[in-house]
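A look at the structure
The primary structure of each chain is shown beneath.
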Amino acid sequence: MRSKGVLHTDTEILVPFFDVDTMNVVWHGHYVKYLEVARCALLDRIGHNYDAMVASGYAWPVIDLQLRYVRGAVFGQKLNVRASLVEWENRLKINYLISDLATGERFTRAVSVQVAVDMSSREMQLASPKVFTDAVERVLP
C-alpha cells in the first residue's frame, strides 16, 4: 500500500501554454517540473529548503524518480500537486499525486528519492544529516 506520508503540502499549478504539445496535452517531461515546485513547497514547510541544505554543506541529488501517468493535463487546467514526506532519516523520499484541482481526478502519481552528499568530500551519506532530521522533527504533528 502506498504511504500517505507524515507531512504534506498542496501546490496549485495552472498549466501554461508552453507546457503543452500539438495535441494540447502536457508533454510528459513537464510533470517533473511540477513535482519540483511541490517538493520546494514541502521543503519550505519543513524549514529546510535547498538554500538551507547548501548552507549546511550538503547537496541532495535525486537518485530515483518514478512517474505513472494516468491521464494527460491540458492547457489552462488547474492542477493540485500534493507532495508527501515518506522517509527522511536515511534518505528523502517523497510521494506525489497530481490531480485536477476542481474534481480531484487523478492524473499522475510519482515518487522521488534523494540522498545527502557531503559537498566538501562528495561522499554520499548513509544517514540524513542531523540538521535536516531535526528540521523535519520540529514540524511533525
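Residues numbered from 1 in each chain as written. Predicted model: local features only at pLDDT ≥ 70, side-chain atom pairs only at ≥ 80, totals over all residues. Heavy atoms only, no water.

In the nomenclature of an unreviewed UniProt entry, the protein chain corresponds to Acyl-CoA thioesterase from the organism Pseudomonas wuhanensis. The record held by UniProt for the protein chain lists under Sequence similarities (unreviewed entry) the comment "Belongs to the 4-hydroxybenzoyl-CoA thioesterase family." (UniProt positions renumbered as here; feature names shortened; annotations may be inferred.)

**Some thoughts on helix H3 (residues 130-139)**
Inspection of H3 places Phe 132, Thr 133, Ala 135 and Val 136 among the buried residues, and these make up the whole buried set. With its buried residues spanning 155° around the axis, H3 presents them on a single face. Of the residues in H3, the exposed ones pointing more than 90 degrees away from the buried face are Lys 130 and Arg 138. Of the surrounding secondary structure, the elements contacted by the buried residues of H3 are helix H1 (30-46), helix H2 (50-55), strand S4 (78-87) and strand S5 (92-100). (Buried < 20%, exposed > 50% of the residue type's maximum accessible area, 1.4 Å probe, protein only. Helix = DSSP H or I, 4+ residues; strand = E, 2+ residues; numbered from the N terminus. Arc of directions from axis to C-beta. Contact = heavy atoms within 4.5 Å.)

**Remarks on the nonpolar core**
Among the nonpolar cores identified, the biggest contains 31 residues, and Tyr 34, Ile 46, Leu 85, Leu 92, Ile 98 and Phe 132 are the most heavily contacted of them. Contributions of two or more residues to this core are made by strand S1 (7-14), H1, S4, S5, strand S6 (106-114) and H3. Of the residues forming this core, the biggest block, seven residues, is contributed by H1. (Core = buried A, V, L, I, M, F, W, Y, C linked by side-chain atoms within 4.5 Å.)

**A look at H1**
Between its first and last C-alpha atoms H1 spans 25 Å; for 17 residues at 1.5 Å apiece the expected length is 24 Å, and the two agree. Those residues of H1 that sit buried are His 30, Tyr 31, Tyr 34, Leu 35, Ala 38, Arg 39, Leu 42, Leu 43 and Ile 46. In the stretch just after H1, Gly 47 is the one whose phi turns positive, near 90°. (Expected span 1.5 Å × (residues − 1).)

**Some thoughts on unusual backbone geometry**
Even without being glycine, Asn 24 reaches a positive phi, approximately 70°. Turning to its location among the elements, Asn 24 is positioned in the loop between S1 and H1.

**Section: the packing of aromatic side chains**
Taken as a whole and judged by the stated rule, the model has four aromatic pairs. With 5.6 Å between their ring centres and 85° between their planes, Phe 17 and Phe 75 make a pair best called edge-to-face. Here Phe 17, found in the loop between S1 and H1, pairs with Phe 75, found in the loop between strand S3 (62-69) and S4; they are 58 residues apart in sequence, far enough to count as distant. Residue classification places Phe 17 among the exposed residues on the basis of a relative accessible area of 60%. Relative to Tyr 69, the ring of Tyr 31 lies with its centre 5.3 Å away and its plane at 65°, an arrangement referred to as edge-to-face. Of this pair, Tyr 31 sits in helix H1 while Tyr 69 sits in strand S3, and the two are 38 residues apart along the sequence. The partly exposed category is assigned to Tyr 69, whose relative accessible area is 38%. The structure contains a cluster of three or more aromatic residues connected by ring pairs, namely Tyr 31, Tyr 34 and Tyr 69. (Phe/Tyr/Trp six-rings, centres within 6.5 Å; stacked < 30°, edge-to-face > 60°.)

**Some remarks on the pattern of salt bridges**
All chains considered together, the criterion is met by six salt bridges. Across the pair Arg 82 and Asp 10 runs a salt bridge, and its minimum N-O distance is 2.7 Å. Linking Arg 82 in strand S4 with Asp 10 in strand S1, this pair joins segments that are 72 residues apart in sequence. For Asp 10, a relative accessible area of 39% puts it in the partly exposed group. In this structure, the salt-bridge partner of Lys 130 is Asp 134, at a minimum N-O distance of 2.9 Å. Linking Lys 130 with Asp 134, this pair stays in helix H3, spanning four residues, or about one helical turn. The class of Lys 130 is exposed, set by a relative accessible area of 57%. (Salt bridge = Lys/Arg side-chain N within 4 Å of Asp/Glu carboxyl O.)

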